[in-house]
Amino acid sequence: METRVNHENILSTPDECDVLVIGSGAGGMLAANRARDLGLNVMVIERSDRYGGTSALSGGGIWVPCNRDMGDKDSREDALTYLRACSQGRVAEEKLCAYVDTAATMIDYLSNEVETPCHAGFKWADYCQKLPGAKDGGRTMFPEPVDAGILGDDFFRQREPAAFSKLFGRISLSVDDGAVLGARGPGWRRHLLKLLSGYWLDFGWRRKTKRDRRLAMGAALVGGLRKGLYKRKVPLYLNTRFRRFVVENGRVAGVVVLREGNEITIRARHGVIAAAGGYEQNQVLRNQYYPVPTEVSWTITVPHNNVGDTLLAGMEIGAATDLLGVAWWIPSIRLPAIHTPNADTRAGLFTERCQPHSLCVNRTGQRFANEAISYHDFGAEMIKDYELTGANVPCWMIFDSQFRAKSILGSIMPAKLMPDSALPQEWWDSVIYRADSVRELARKIGVPDETLSATVARFNQFARTGVDEDFQRGKYSYDNVYCDPRHGPSPTLGALEKGPFYAVRLDLGDLGTLGGLKTDHNGQVIDTDGKLMPGLYAIGNCSASVAGGSYPGAGATLGPAMTFGYRAANHIAQEAARDRAPSAKRAPVRAVT
């Protein structure tokens, strides 16, 4: 039986609450659920006309060291050793300990109290395999698929995942689905048939929409959290844009928002939690803080959101910042929108670079990194090579017809499902380049043909022996997570020897910024004098990452956002209990302009 979730009327927003959460991503909604369970009156505001933010577009992974599924395969000391190595001394020990000690408690709360169960993915290795304390799998947890029927009409207000995360643009894929189908492992045909039949036989749902009833990955996480808010009667107001904080002698006591062209003040008696994302959609801030020239169009986050409003407002009232020059890097490619004339979309290359029969080169035609490392680390290598040679950002991914036949590239399906003749004519030699020889391809993309030819020849030697002597591709467990296990002698190395040959341009994209307002172990914002700012908390990409500029593993964005959202709610409840003491007094509120 479907439960109808009512969409709150934005024209009747209350002007006071105990806790105000800015942003409706996973971190913000987890904090709101938790604060309500602790007896606080909570309100969530969202800038856009859709809830879920970047979380709804994500894979839904949550990095949770020492989670229940791992049992004795992980330990507190291993997790802390790994995080210390990742953060390289840039994060306070107390904050690292808070994350490791609370993440597993948070995930149990999500599974049991919010009723959004998760399971560990033992195939998903930590990203920084060279560092002490890294694990081959299990620290990343994924939400179970959710039936969208529980959301009623509110399903249509959830931010829709990108087309490339769905089979044929319609059928939702979980990470487990993607792993089975992508690797064409045992039973993949049966699995595909199950997904197809489940969608096509759901006649009642397909009369409502072409979108799948089955929510997976980030959409499942967001859907479960949204249902939790509804169950707890926590209002979520869309189209409500944050403008500035309201302060009282250094204490944040509320916010000013813009709705329907009007500025309205909302007072928060006990705390404001900023969970509104980073600043990657703000070109001015990118130009100011990013280490190399980039463009807003390269990011794969939601357009027109995550513009740094809370970052700038926090800085205006004296908040300290950290790690502003770092983002969650990912190489991205431009893909024109097929059904919208003159519009482009972006696809991040999460796994494609590790598939056999492909390699990446800078604009001199030379390899510069192990292509199978994590997307964040690959982006960092693009930056290093740019600083060294000036011939990167962008770079090129080169592959042959064997890759094209079997592998997905963004939303471009393998040639077996989407042959070259099915791609729009205008894409050729614009979005994707094709030639009968490596030398001809090099000339088309403006790379020295002799250099590229020599690079491919050397790489092919490595593919035949199964050992990459230049960059050790395939040496570490993460390198082989997304590869074809049947391919030998290495699942990630394959010769580029069968034409036609192809190339796509890789830009330095991102999944958001990982620097922001500086916070303590409870998510409370710290000012430029090193003091805590009462009433103000920041989580997720609004705040500086607990990983200190690195990317420990899949879900290292959502994991800290949700964990420190949980801790922030707990801390606010503790402070509220003190505020309710008979001696507590309050001064008039003023808005900072």
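Right, let's walk through the structure included here. (Residues numbered from 1 in each chain as written. Predicted model: local features only at pLDDT ≥ 70, side-chain atom pairs only at ≥ 80, totals over all residues. Heavy atoms only, no water.)

## Concerning the nonpolar core
Part 1 of the argument: Leu110 and Phe245 are the most contacted members of the largest nonpolar core, which has 143 residues in total.
Part 2 of the argument: Here this core takes eleven residues from helix α3 (residues 93-112), the largest share from any one element.
Part 3 of the argument: Judged by nonpolar contacts, the second largest core, of 20 residues, contains Tyr433, Val456, Phe459 and Phe501. (Core = buried A, V, L, I, M, F, W, Y, C linked by side-chain atoms within 4.5 Å. Buried < 20%, exposed > 50% of the residue type's maximum accessible area, 1.4 Å probe, protein only. Helix = DSSP H or I, 4+ residues; strand = E, 2+ residues; numbered from the N terminus.)

## Comments concerning unusual backbone geometry
Part 1 of the argument: For the peptide bond that leads from Val393 to Pro394, omega is 15°, which places it in the cis range.
Part 2 of the argument: Its place among the elements puts Pro394 in the loop between α10 (375-389) and β18 (395-400).
Part 3 of the argument: For the bond from Gly499 to Pro500, the omega torsion is 0°, close enough to zero to count as cis.
Part 4 of the argument: When you line up the elements, Pro500 lands in the loop between α13 (449-465) and β20 (501-513).
Part 5 of the argument: With a phi close to 55°, Asn249 is a non-glycine residue in the positive phi region.
Part 6 of the argument: Secondary-structure assignment places Asn249 in the loop between β11 (241-248) and β12 (251-259).

## A few points about the packing of aromatic side chains
Part 1 of the argument: Summed over all chains, the structure comprises 23 aromatic pairs.
Part 2 of the argument: Ring geometry for Phe155 against Phe156: centres 5.0 Å apart, planes inclined by 75°, an arrangement best described as edge-to-face.
Part 3 of the argument: Since its relative accessible area comes to 32%, Phe156 is described here as partly exposed.
Part 4 of the argument: Between Phe399 and Tyr502, the aromatic rings sit 5.3 Å apart at their centres with planes inclined by 10°, giving stacked as the arrangement. Placement of the pair is Phe399 in strand β18 and Tyr502 in strand β20, with a sequence separation of 103 residues. Each member of the pair, Phe399 together with Tyr502, is buried.
Part 5 of the argument: A connected cluster of aromatic rings, assembled from ring pairs, spans Trp124, Tyr127, Phe142, Trp328, Phe350, Tyr375, Tyr478, Tyr482 and Tyr551. (Phe/Tyr/Trp six-rings, centres within 6.5 Å; stacked < 30°, edge-to-face > 60°.)

## Things to note about the packing of α3 against helix α14 (residues 558-579)
Part 1 of the argument: Contact geometry for α3 and α14: axes closest at 8 Å, N-to-C directions at 90°. By the angle between their axes, α3 is roughly perpendicular relative to α14. Contact with α3, carried on its side by Lys95, Ala98, Tyr99, Thr102, Ala103, Thr105, Met106, Tyr109 and Leu110, involves Gly559, Pro560, Met562, Thr563, Phe564, Tyr566 and Arg567 of α14 and no other residues of that element.
Part 2 of the argument: Looking at side-chain class alone, the contact of α3 with α14 contains ten nonpolar, four polar and two charged residues. (Axes fitted to C-alpha atoms, helices over the stretch in contact; angles between N-to-C directions. Parallel < 35°, antiparallel > 145°, perpendicular 65-115°, else oblique. Contact = heavy atoms within 4.5 Å. Nonpolar A, V, L, I, M, F, W, Y, C, P; charged D, E, K, R; others polar.)

## Observations concerning the pattern of salt bridges
Part 1 of the argument: What the rule picks out here adds up to 38 salt bridges.
Part 2 of the argument: Between Arg243 and Glu263 there is a salt bridge, with the nearest N and O atoms lying 3.8 Å from each other. Of this pair, Arg243 sits in strand β11 while Glu263 sits in strand β13 (residues 262-274), and the two are 20 residues apart along the sequence.
Part 3 of the argument: Residue Arg367 pairs with Asp468 through a salt bridge whose shortest N-O separation is 2.8 Å. Within this pair, whereas Arg367 is found in the loop between β17 (358-361) and α10, its partner Asp468 is found in the loop between α13 and β20, the two being separated by 101 residues in sequence.
Part 4 of the argument: It is possible to trace a salt-bridge network through shared partners that takes in Glu16, Asp18, Arg267 and Arg269. (Salt bridge = Lys/Arg side-chain N within 4 Å of Asp/Glu carboxyl O.)

## Concerning the environment of Arg578
Part 1 of the argument: Position of Arg578 among the secondary structure elements: in helix α14.
Part 2 of the argument: Taking the relative accessible area as the measure of exposure, Arg578 reaches 54% and is therefore exposed.
Part 3 of the argument: Looking at Arg578, its side chain comes within polar contact range of the side chain of Glu575, at 2.3 Å. (Polar contact = N/O pair within 3.5 Å; in protein donor to acceptor, adjacent residues only side chain to side chain.)

## Things to note about the sheet that holds strand β4 (residues 118-120)
Part 1 of the argument: Read across the sheet, three strands follow the order β3-β5-β4 without closing on themselves; strand pairing throughout is antiparallel. The open sheet has two free edges, formed respectively by β3 (62-63) and β4, since each of these has just one partner strand. (Pairing = 2+ DSSP bridges.)

## Structural notes on the layout of surface pockets
The method is simple in principle: a probe with the dimensions of a water molecule rolls over the atoms, and the space it marks as empty is what remains.
Part 1 of the argument: Of the voids in this model, the second largest pocket is the one considered here, and its volume is about 900 Å³.
Part 2 of the argument: Around the second largest pocket sit 34 residues that line it, and Cys128, Asp377, Ala380, Glu381 and Lys384 are the ones nearest its centre.
Part 3 of the argument: Looking at the lining of the second largest pocket, the elements that each hand over two or more residues are α2 (76-87) and α10.
Part 4 of the argument: Ranked by the residues each element gives to the lining of the second largest pocket, the list is headed by α10, at seven residues. (1 Å grid on protein atoms, 1.4 Å probe; cavity = no way out; pocket = protein on both sides within 12 Å on 5 of 7 lines; lining within 4 Å. Points joined across faces, edges and corners; volume = space filled by probe spheres on them.)

## Section: empty space enclosed by the protein
Part 1 of the argument: Counted by the stated rule, this structure contains seven cavities of 30 Å³ or more.
Part 2 of the argument: Taken as a whole, the largest cavity spans an internal volume of roughly 120 Å³.
Part 3 of the argument: Taken together, 18 residues line the largest cavity, and the ones lying closest to its centre are Gly540, Ser543, Ala544, Ser545 and Pro560.
Part 4 of the argument: With three residues, α14 is the single largest residue contributor to the lining of the largest cavity.
Part 5 of the argument: Along the lines of polarity and charge, the residues of the lining of the largest cavity split into ten nonpolar, seven polar and one charged.
Part 6 of the argument: Taken as a whole, the second largest cavity encloses approximately 70 Å³ of empty space.
Part 7 of the argument: What lines the second largest cavity is simply Ala56, Leu57, Ser58, Pro161, Ser165, Lys166, Ser172, Leu173, Ala216, Met217, Gly218 and Ala219.
Part 8 of the argument: Of the residues forming the lining of the second largest cavity, the biggest block, three residues, is contributed by helix α7 (residues 217-231).

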